[in-house]
Each structure stands twice: as structure tokens, then as C-alpha cells.
Amino acid sequence: MDEIVLMTNLAVFLLVASVCSIIFNKLKLPPLIGYLMAGIIIANVWVMDEDSEDIVEILSDMGLITLMFCIGMEINLKKIRKQGTLAIIVALVQLPLMVLGGVVAGTLMGFNNVQSICLGGIISGSSTAVVMAVLKTQNRLDKDHIDTIVLITIMEDIGQVIILSMITPMMAGSELDSNGLIAMIISIAVFMLVSIIVGLKFVPLIINWVSDNVHYEVLLILAIGSAFGMALLAQFAGLSVAIGAFLLGMMISPSRKSRELSHDFEPMKNLLMSMFFISVGMEISVQSVLDNVVLILVLYLVYAILKSSTVFLGYWLGNESPRNGFISAVSLVAMGEFAFIISKQALDYGVVDEAFYTSVIGAALISMIILPILSRSSGDVWDKAIEACPAGLMGVFKRIKDARDNLYANVAVSSRRTRKQFRKLMTMNYVCVLAVILVEIVFVLINPALAGWFAEYIGGTILIWSILMLLMNLFGIFFQSTLS
């Protein structure tokens, strides 16, 4: 590869991205939109040769790895456990409902099963950077509420990593035979378990030892090298490189030097992250945007309605005031970085076409551009809605709220043991409901392939194995319902 080609491409990409970001900064919008717009402009104006395409792909992968590594380092599991009760409740309520809503919406729009599940994963998160930029400029919520929103976005990041890990075998299924698919699922499960159990225990100890005994520069090099190494291991296991980098960042997060590492890694992250979002924008053609305007608007409306309603429900169940819950819910209506990551992975696997991909990116851009307007007017919208609400309907809402308040008041004055049993019972029921939904989705997806595998390697017919698996599925649901 000619170094002149590399320098030329870097100069063009970064300068165009800088100009676009400056323009959007004047409009009080985050740089991320400028990077995406730069990619769209470059793809539709610049004629690229094969070397230039290779450069973009390499820098895009590096940008994805650094972005996910930094997101992982921002996750403080101890802080979430101590201070994030409300954030955990909101995330546990809205994430599954968002995925389920995306699956239903995708099915109604004519997408196949895998595309619908990808859509659910895409719309399940919010952008921490965009949300924080808007909240800081508007100053409409106090620090405690802003901290809760940040923790919610962190929980969403964790949830979307899990979702991406689960749908990777589905996206790769078209490229593998049944044996290869089963081997991939096993390797992914082993990789995730070893990474989480072993990594979280030993990686912080290693990082702390190096920071105490070796020069800091070596520690920085070790962390960066480990991030790329973990990304490579994840790819060997059949996962996205994003998962490996995220897990390594989460392992380093509890170490004493994680803040310093994150700060010093910031310039490299900013440079390479811009290349990732430029590459995302380069997959979009202007004609494709014009051809899919209706789908873009539909996806945005689906996302905005589902996100605001499910987050509001989570805040309500968390015993927050309805007004604060509504303002907080509206403040999260901006698609997150994972929307681009999951949609890019789906496009690379051939699961979605250019129209789907373009529509997701277009909907994400609209959500980021409209968020400041929505957030600024959310309080006034709530107040006017309360004034305009009919008295009869308002009475129904008040009775529901009183019932919730009485329940929480009774729990608050009960004994410690009773409160613990109540939380345990509610958690168990919630997990059981989620498990049933997950089992049914997985059953619908894998039943044909699994029945064919049993028929080929064990014997019998596909019909017999399908009936047996259906009976096992019904028995599992019955057994789980008796446990709950």
C-alpha cells in the first residue's frame, strides 16, 4: 500500500469531518453527526480505489475497537450496584420491551425473523454522548437525575453487548452449516463465561501490579495492546471485535489507574472513532436516503414512541414522580452508538440490505437532531397534557398512582426480611417472564435447523423431532410456571 494514498485519504477524511463537525457544533449538535455526514459526502463525491477502501476498513475496525474499549472502561459495576437501583429497574423494564417492540414492529413491516431481532437490538439503546451534551446545555434536571440517566445509558450499553453476542450466531447462520453454527454458539458461550468470570477477577490485579512496578507508559501500551488482543480473540470465537474490546475495558475499569488510562486514551479514541463513523456514513448513498424517506420516518417514530413509553414505565415502577419520569424518558430519545455497530455488523453479514441500513442510520440522525427540541419542551408538554386531560381519565390515573404509592409505603415500613422477600419475589417473576419470552423466540428461530440436525445425525424424520421439541418446549414452560 502506497503511503501517499494513506496520507491523502487520512487528510481528506479528517478535514471533511472537521468542517462538518464545526458546522454542526454551531447548531449545538454533537460531532458524531458531523462524522456521519462527512462519510455520506465522501462516499457520494470521492471516487475511491481498492487501496482506499482497504484503508477505510482497517481504520474503521480500529475505531470500533477503541470506541468499545473506552465504553467498557466507563462502566463501574460497584457504582451501579450501590447507586443504580432506579437505573437498573428502568433498564430491566425498558430493554426487553424495546427488543420485543422492535421484533413486533419489524415483523409488521415485513422483515424476516433475524432482521426483526436486529431491529430490536438496534433501537434498544440511547447515545450517552448526545444525551449528556443536551442535558448539560439545557440544565433542566438536577445532578441526581442526570447521574441516573447516565447509569441507564451504561446499563443499556451492557444490555446491547449481550444482545449483539446473542444475535451474532443468528447473523452468521446463513454462512454456516448446522455443525458450524453449533460450534460457534459453544465457542461464544465459553469465551463470554471465561472472559467475565476469570477476566474480572485477575485483569484488575495484573493492571494494578503493572502500575505499581512499571513505568506508566508501559501500562498504557499494555492496556491498548490487550484491547486489540481481546478483540482478536473475540473474532476467533465468532463474535464481533467490539465485544472483545468492550469486555477488556470492563475488566480494566475496577483497577486503580482506569481513570488515567481512559483520559490518556482519549485522543487516540477521538481520532479512530471518527474514522469508524465516517465509514458508517460512507455506506449510505443520497439516492438510497431519498428512496427510503418513509421507512426512515417510520423507524424513528417506532423508536421514539417505544423508548419514551418504556423508560417512563420503568421510572413509574421505580416510584419516581410521573413528571420527572416523562422528562427523563424524553431526554433518552436518541439512538446510541450501538445502533450503528449492530446495523453495520448486520450489513457486513448480509443479513440486511442497503435500504434497511440507510433507514436505521437516517432514523438515528433524526433522533439526535430532534432530541434538543424534544428535551427542551418536555416539561411544558407534560404540564399542558395534565391540564387538557379529562377529569374522569385523570381520576383513573390518580387511583393507579395511589395504589403504587401505597404498595411502596407498605414495603418501606415492613421488616427488613419482608422487603428482601418482596424484592426477591418480584425479581424472580420478572426473570421468569423474560425467560419464557426468550425461550419462545429462540425456539421459533432454531426449531427448523435443530430438527433437521437431529434427523440427519440421530435418525427419524424432521416432523417427529419438531413434535418432540414442541412437547419439550411446552413442558419447560409448564415447569417454569410451577417454580414461579
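(A) Structural view of the packing of aromatic side chains. The final tally for this structure, using the stated rule, is six aromatic pairs. On the numbers, 5.2 Å between centres and 90 degrees between planes, the contact of Phe69 with Phe265 is edge-to-face. In this pair, Phe69 sits in helix 3 (residues 50-73) while Phe265 sits in helix 12 (residues 258-282), placing the two residues 196 residues apart along the sequence. Neither Phe69 nor Phe265 differs from the other in exposure class; each is buried. A centroid spacing of 5.5 Å and a plane angle of 85 degrees characterise the contact between Phe277 and Phe340, whose relative ring orientation is edge-to-face.

(B) Region of the structure containing a nonpolar patch on the surface. Together, Ile186, Val190, Leu193, Val194, Ile196, Ile197, Val198, Phe202, Leu205, Ile206 and Leu222 make up an exposed nonpolar region whose accessible area comes to about 990 Å². Here the nonpolar patch takes 10 residues from helix 9 (residues 178-213), the largest share from any one element. You can see Leu193 is positioned in helix 9. Residue classification places Leu193 among the exposed positions, given a relative accessible area of 52%.

(C) The arrangement of a negative patch on the surface in detail. Together, Asp49, Glu50, Asp51 and Glu53 give the surface a local cluster of negative charge. By the secondary structure assignment, Glu50 is in helix 3.

(D) Looking closely at the environment of Ala304. By secondary structure assignment, the location of Ala304 is in helix 14 (residues 293-317). Overall, Ala304 belongs to the buried group, its relative accessible area being 14%. For Ala304 and Val330, which are 26 residues apart along the polypeptide, the C-alpha to C-alpha distance reads 8.3 Å.

(E) Highlighting the environment of Leu347. Secondary-structure assignment places Leu347 in helix 16 (residues 337-348). Separated by 176 residues in the primary sequence, Leu347 and Met171 have C-alpha atoms spaced 9.5 Å apart. In this structure Leu347 touches Glu283, Val352, Asp353, Glu354 and Tyr357, once residues within four positions along its chain are discounted.

Cut-off values and rules
- Residues numbered from 1 in each chain as written.
- Predicted model: local features only at pLDDT ≥ 70, side-chain atom pairs only at ≥ 80, totals over all residues.
- Heavy atoms only, no water.
- Phe/Tyr/Trp six-rings, centres within 6.5 Å; stacked < 30°, edge-to-face > 60°.
- Helix = DSSP H or I, 4+ residues; strand = E, 2+ residues; numbered from the N terminus.
- Buried < 20%, exposed > 50% of the residue type's maximum accessible area, 1.4 Å probe, protein only.
- Patch = residues over 30% accessible without salt bridge, like charges linked within 9 Å, V, L, I, M, F, W, Y side chains within 5 Å.
- Areas by Shrake-Rupley, 256 points an atom, 1.4 Å probe, with all protein chains shown as cover.
- Salt bridge = Lys/Arg side-chain N within 4 Å of Asp/Glu carboxyl O.
- Lys, Arg positive; Asp, Glu negative; His and termini not counted.
- Charge placed at Lys NZ, Arg CZ, Asp CG, Glu CD.
- Contact = heavy atoms within 4.5 Å.

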